[in-house]
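Each chain, letter by letter, is given below.
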Amino acid sequence: MISTALLVMIYLSFVSLGLPDSVLGSAWPSMLGDIHAPVWGAGLVQMVVSFGTIVSSLNSARLIRRFGTGRLTAFSVLTTALALLGISFTGHYAWLILMAVPLGLGAGAVDAALNNYVALHCAPRHMSWLHCFWGVGTTIGPIILSACMGAGAAWRAGYWTIGLMQCALSAALLLTLSLWRREGTQAEERAAKVLSVRQVLALPGAKQGMATFLCYCAIESTLILWGPTYMVFARGIDEVQAASFGSLVCIGITVGRALSGFMTLKFKPRQLVQMGQAVLALGLMLMLVPARGAMIAAFVLCGLGCAPIYPNIIQDTPVNYGAENSQAAVGVQMASAYIGSTFMPTIFGAMAGVLGYGALPAVILMLTAVMAATFVWQKRVVDGAGR
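Residues numbered from 1 in each chain as written. Predicted model: local features only at pLDDT ≥ 70, side-chain atom pairs only at ≥ 80, totals over all residues. Heavy atoms only, no water.

Novice: Sorry, what's going on with unusual backbone geometry here?
Specialist: Across the chain, the bulk of peptide bonds are trans and the bulk of non-glycine residues have phi less than zero. Backbone geometry places His-36, a non-glycine residue, at a positive phi of 60°. Note that His-36 resides in the loop between helix 2 (23-34) and helix 3 (41-58). (Helix = DSSP H or I, 4+ residues; strand = E, 2+ residues; numbered from the N terminus.)

Written as structure tokens, this is what we have:
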């Protein structure tokens, strides 16, 4: 187990990871006129951010072996801070696209490095709580932006404030690098294997595991993005109410991860993933019930079902592929996650143009079935390989 002080720094790093994730959508209506951007431009920005996270995730094992988790985390947080400060000064859409590159590169490195570090050195409950704190960050980000704009400042003040918060965290991480050295993990990090994507996918169960992860992140991002639209066009909910209901999935995820941290004391990661999949499927089926109350409960249930899946798949990575391979495997998992969360919402948007937004529960339910099947398949392969 690592020290309490270091654990606090890791939790704060995950809060900072979530801070910028939800700000772009909240700021976009105010931003686009100021920076001469097209209405659809936020999607391209998000894709550039995702591309950056994929690149840094795939290179995380190599970077950690050279710099160590502590230094890489401090530098990556500083990179995201400078990107956020750069966005606050932008006067044109092209500059925003440019700043999206370091924003994604920094976020992907932090995500991959800290997920693997916690999986190797902390009790399973901390992985669930770590991702709960990411949810706290995604909640705080729009609140900071709203407070700045409510005080009469422009959206730029929100990005400036969050950027300064990230700078402060980066300084704190640099000042506490000795905490990482005291844990004596440098030799372990240097011994970790640097594997190519092909080598990771050659590990027993890796292909199935990456498919499971891709499906999960596709489900989560599609539900969050298109849930309010489904409420308006498929269920006839007022736009204002639908906007307020749009956070139900995120609330369910954040609360569920707090609860699943305690559930790790009784259940194994594999069991928690399968329980989450079952609750998610129940929520999706409840979404088909006409009553408004059932729909609200359905979105909360979907969030609660999603909650334990991501952190417990990560927690089981060293068990599935070996501690020496886990950092490389986590990097590929993060890349799979961002591929799913980047492309599936766009794919569903195109499908909805043909099938209608009422197809959301059925499409997500099919993805859930694929996710459940690949997860079982992965575990059979891993068990058969003697892991």
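From this point, things continue past the structure.
Novice: Help me understand the nonpolar core in this model?
Specialist: Nonpolar side chains in soluble globular proteins tend to be buried together. Counting 68 residues, the largest nonpolar core has Ile-10, Leu-223, Leu-280, Met-287 and Phe-299 as its most contacted members. Residue contributions to this core peak at 10 residues, all from helix 12 (residues 206-235). Beyond its immediate stretch of four places on either side in the chain, Ile-10 contacts Ile-2, Leu-114, Tyr-117, Val-118, Leu-130 and Trp-180. Core analysis: the next-biggest nonpolar cluster, separate from the first, contains 26 residues, Leu-84, Cys-148, Trp-155 and Ile-162 among them. (Core = buried A, V, L, I, M, F, W, Y, C linked by side-chain atoms within 4.5 Å. Buried < 20%, exposed > 50% of the residue type's maximum accessible area, 1.4 Å probe, protein only. Contact = heavy atoms within 4.5 Å.)

Novice: Can you help me understand the packing of aromatic side chains in this one?
Specialist: In this description, a pair of aromatic rings is defined by centroid distance and the angle of the planes. Tallying each qualifying case throughout the model produces 11 aromatic pairs. Aromatic pair Tyr-117 and Trp-180: ring centres 5.0 Å apart, planes at 65°, arrangement edge-to-face. Note that Tyr-117 is positioned in helix 6 (residues 93-121) and Trp-180 in helix 9 (residues 177-182), a separation of 63 residues in sequence. The same class applies to Tyr-117 and to Trp-180, which are both buried. When the centroid spacing of 6.2 Å and the interplanar angle of 55° are considered together, the rings of Tyr-230 and Phe-299 count as tilted. Pair noted here: Tyr-230 is in helix 12 and Phe-299 is in helix 16 (residues 292-306), with a separation of 69 residues, a long-range link. Assigned by exposure class, Tyr-230 and Phe-299 land together as buried. An aromatic cluster of at least three residues, connected via ring pairs, comprises Trp-226, Phe-233, Phe-348 and Tyr-357. (Phe/Tyr/Trp six-rings, centres within 6.5 Å; stacked < 30°, edge-to-face > 60°.)

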